[in-house]
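Each chain, letter by letter, is given below.
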Amino acid sequence: MTTLAALIRRDIRIALRVGGGALIGVLFFLSVVVLMPFAVGPDLKLLARLGPAILWLGALLASLLTLDRLFMADHEDGSLDLIAMSRTPLELACAAKALAHWIAAGVPLIVATPVLGLLLNLDALSTSAIALTLLVGTPALTFTGMIGAALAVTLHRGGLLLAVLVLPLSIPVLIFGVAASEATVSGSQAFGAPFLILCALSLASFVIGPFAAAASLRQGLD
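This one's a predicted model, so the numbers in the text were calculated from it and none came from an experiment. (Residues numbered from 1 in each chain as written. Predicted model: local features only at pLDDT ≥ 70, side-chain atom pairs only at ≥ 80, totals over all residues. Heavy atoms only, no water.)

Enquirer: Describe the pattern of salt bridges, and please don't skip the residues or the numbers.
Expert: Evaluation of the coordinates by the stated rule reveals three salt bridges. Note that R10 is salt-bridged to D11, the shortest N-O span being 2.8 Å. A relative accessible area of 22% means that R10 is categorised as partly exposed. With a shortest N-O distance of 2.7 Å, K97 and D11 are connected by a salt bridge. Of this pair, K97 sits in helix 6 (residues 90-117) while D11 sits in helix 1 (residues 2-16); the two residues are 86 residues apart in sequence, bridging distant segments of the chain. (Salt bridge = Lys/Arg side-chain N within 4 Å of Asp/Glu carboxyl O. Buried < 20%, exposed > 50% of the residue type's maximum accessible area, 1.4 Å probe, protein only. Helix = DSSP H or I, 4+ residues; strand = E, 2+ residues; numbered from the N terminus.)

Enquirer: How would you sum up the packing of helix 3 (residues 44-66) against helix 7 (residues 124-152)? Please name residues and give values.
Expert: In helix packing, the relevant descriptors are the interaxial angle and the interaxial distance, both defined with respect to the helix axes. Taken N-terminus to C-terminus, the directions of helix 3 and helix 7 make an angle of 30°; their axes are 11 Å apart at the nearest point. Judged by the angle between their axes, helix 3 and helix 7 are roughly parallel. Pair helix 3 / helix 7 crosses with right-handed handedness. On helix 7, the residues touching P52, L55, W56, A59, L60 and S63 of helix 3 are I130, T133, L134, G137, T138, L141 and T142. Split by residue class, the contact of helix 3 with helix 7 holds eight nonpolar, five polar and no charged. (Axes fitted to C-alpha atoms, helices over the stretch in contact; angles between N-to-C directions. Parallel < 35°, antiparallel > 145°, perpendicular 65-115°, else oblique. Left-handed = near helix turned anticlockwise from the far one by under 90°. Contact = heavy atoms within 4.5 Å. Nonpolar A, V, L, I, M, F, W, Y, C, P; charged D, E, K, R; others polar.)

Enquirer: Give me the lowdown on the environment of L92, citing residues and values where you can.
Expert: Here L92 lies in helix 6. Relative accessible area serves as the criterion here: at 44%, L92 is assigned to the partly exposed category. For the pair L92 and A105, spaced 13 residues apart in sequence, the C-alpha to C-alpha distance is 20 Å.

Enquirer: Kindly report on a nonpolar patch on the surface, identifying the contributing residues and their values.
Expert: Where nonpolar side chains cluster on the molecular surface, the patch consists of L203, F206, V207, I208 and F211 and spans about 510 Å² of accessible area. Tracing the chain through its elements places L203 in helix 9 (residues 192-221). (Patch = residues over 30% accessible without salt bridge, like charges linked within 9 Å, V, L, I, M, F, W, Y side chains within 5 Å. Areas by Shrake-Rupley, 256 points an atom, 1.4 Å probe, with all protein chains shown as cover.)

Enquirer: Run through the packing of aromatic side chains, naming residues and quoting values.
Expert: Scanning all chains against the criterion turns up one aromatic pair. Ring geometry for F143 and F206: centres 4.9 Å apart, planes at 75°, overall edge-to-face. Of the two residues, F143 is situated in helix 7 and F206 in helix 9; the sequence distance between them amounts to 63 residues. (Phe/Tyr/Trp six-rings, centres within 6.5 Å; stacked < 30°, edge-to-face > 60°.)

Now the structure itself:
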């Protein structure tokens, strides 16, 4: 546990420093949400109706933008080989790295959501519900995207492959995340069912993601 805690602290520090990638994702998320009202126009009702989808799409694209840094930097400086050869199971190391990535890149998106909801004409209850769905759903994006990052880490120009692999796996998370958010905004459907499915997707990614990523890394590093 001490080794995993040290790995999490190390990855968070690297991600938060200049050029670490976490700041890029947050700025991209802010840019998408801030520019959307200018693109849609002054129709406040339309902005409120599109608000959940805009926030979720921004979070998904921001997460995808920073996923390539999950293993690539460690592969370039040789740290990934040391992690793979250590006594700590590679599955736990992958889970720790994904958790650190979510803390550094995902949590700031959740914190910024209530403020950005004001730009989309969303009330406090709606923005709180959307932030809750992002809190539950963004770990699924990270742990699912970790599989694509592990597959692309040993390939040259693997960024396109990462997008091709991760986007189809992220579609269910996006669908139920937006459905749960829109249930609060419109009040026309129940919030509980899509939210529980979103929780189930995150729990499934916690189990499947580290094992699939570890297997991909072992295959690629051999």
